[in-house]
Amino acid sequence: MDAIRPHGGRLVSRISQKNTAGIFSISVSEDLANDVENIADGIFSPLEGFLVKSDFDGVVSKGRLASDLAWTVPIVLDVDKETAQKAKDSGDVALKTTHGEFAVLHVEEIYTFDKTKTSQAVYGTTDVNHPGVAKTMSMNDYLVGGKIDYIKRPSADPIRKYRLIPTDTRKAFSDAGWKTIAAFQTRNPPHVAHEMLQKESFLSCDGVFVNPLIGKKKSGDFVDEVILESYIAMIENYYPKNRCTLATLHTEMRYAGPKEAIHHAIMRQNYGCTNIIIGRDHAGVGKYYSPFAAQEIFSDYPDLDIKPLFFPAFYYCKKCLAFTNERACPHSPDFHEQISGTKLRQIIDEGKSPSEFIMRPEVVKVIQSFKKPFVE
């Protein structure tokens, strides 16, 4: 079976046994450490490290690397002026978290960037109420570009055992005999509407790759453990045994709407998926993006090998007596079983259960088993 090509033509591998003894070190967040691991494992192929200036400028100005290869979200290391000079003088820099040193960065370039221009390009807004803009505006003034070598993985935990790398998923898809695979990106426990999107994909694809995002999220989103356990419960109770693979993606949510939809697609192509499900308001937040902006942007990237599967929003219609969508249902919203994220949180905070036409009871039970299911 011929698998889909990785983005850029090959899977990057930056796993190394390099020694960090005696070299200058920089502390980074756990989320950035996750992305360094994603680079090393090929999830971010073709990136081999943090963006150098020509690549960064290309991503900001046209959503492409200097080579013209599609890339829409900057993967960068920001530092202050003093750290930038020390990194430049050192040449090789150890990256560390509170758990110790885990990678070596080979410094190629240090440069400054325009935070306002970057925010507008990536997030489509400069409003600091947007979580991505707020983060960008709070970054240090200098960026360090260069390739990385990954030398030490974090300790195992109950969630990390679900983390798979592209060589794992590609083998799993091949062993299952799947030639067409639809990826599903999520940062929430599954509504029945999400389940319907995935099952609709069974009609055109051999399998579905459910890939919940594990990492930093905004206040009010569900915590990682709730998301993962909810999907385990739904898949065990409602999916055919050989049609779905579940794995976690460890990176932060950027809420970049259409630009993040392309980023999500690229990562899933590297995993070996031939398609990605793009529904209403993919990777959106607030009212910053039109409902189907994440679908429309794919017309700007016809060169992507992975192809989107576009779906309208699903809901249960009490008149049709079926899960359906606006393409097939003529009835007014008065007959639709739908719920906003805010209303769902209110129901759960009150200890109540949403309708079974909105969320499976097994999923509700998982959520209610957590004292604090939401990010504070």
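Note: the structure precedes this text.
These figures come from a predicted structure and were not determined experimentally.

Participant: Explain the packing of helix 6 (residues 166-176) against helix 9 (residues 258-271) here, please?
Facilitator: The angle between the axes and the distance between the axes are what describe a pair of packed helices. For the pair helix 6 and helix 9, interaxial distance at closest approach is 7 Å and the crossing angle is 65°. Of the residues in helix 9, those in contact with Pro166, Thr169, Arg170 and Phe173 of helix 6 are Gln269, Asn270 and Tyr271. Residues of the contact of helix 6 with helix 9, tallied by class, amount to three nonpolar, three polar and one charged.

Participant: Please clarify how the layout of surface pockets should be interpreted in this entry.
Facilitator: Think of a ball as big as a water molecule: rolled over the atoms, this probe shows where empty space is left. Of the voids in this model, the largest pocket is the one considered here, and its volume is about 1400 Å³. Elements with a contribution of two residues or more to the lining of the largest pocket: strand 8 (181-186), helix 7 (192-201), strand 14 (314-317) and helix 11 (341-349). Counted as a void, the second largest pocket has a volume near 690 Å³. Residue lining of the second largest pocket: 34 residues in total, with Asp78, Lys135, Thr136, Met139 and Glu252 positioned closest to the centre. Those elements that place two or more of their residues in the lining of the second largest pocket are strand 1 (25-27), helix 1 (30-40), strand 3 (78-79), helix 4 (115-123) and helix 5 (131-137). Residue contributions to the lining of the second largest pocket peak at four residues, all from helix 5. A per-class count over the lining of the second largest pocket returns 18 nonpolar, seven polar and nine charged.

Participant: What is the right way to read unusual backbone geometry from this model?
Facilitator: Omega for the peptide link from Ser45 to Pro46 comes to 15°, which places this bond in the cis form. Within the fold, Pro46 resides in the loop between helix 1 and strand 2 (49-50). Even without a glycine there, the phi angle at Asp281 is positive, about 55°. Within the element layout of this structure, Asp281 appears in the loop between strand 12 (275-278) and helix 10 (293-296). For Asp281, a relative accessible area of 32% gives the class partly exposed. Backbone geometry places Leu321, a non-glycine residue, at a positive phi of 55°. By the element assignment, Leu321 lies in the loop between strand 14 and strand 15 (322-325).

Rules behind the numbers
- Residues numbered from 1 in each chain as written.
- Predicted model: local features only at pLDDT ≥ 70, side-chain atom pairs only at ≥ 80, totals over all residues.
- Heavy atoms only, no water.
- Axes fitted to C-alpha atoms, helices over the stretch in contact; angles between N-to-C directions.
- Helix = DSSP H or I, 4+ residues; strand = E, 2+ residues; numbered from the N terminus.
- Contact = heavy atoms within 4.5 Å.
- Nonpolar A, V, L, I, M, F, W, Y, C, P; charged D, E, K, R; others polar.
- 1 Å grid on protein atoms, 1.4 Å probe; cavity = no way out; pocket = protein on both sides within 12 Å on 5 of 7 lines; lining within 4 Å.
- Points joined across faces, edges and corners; volume = space filled by probe spheres on them.
- Buried < 20%, exposed > 50% of the residue type's maximum accessible area, 1.4 Å probe, protein only.

Read these as geometric descriptors, not functional statements.
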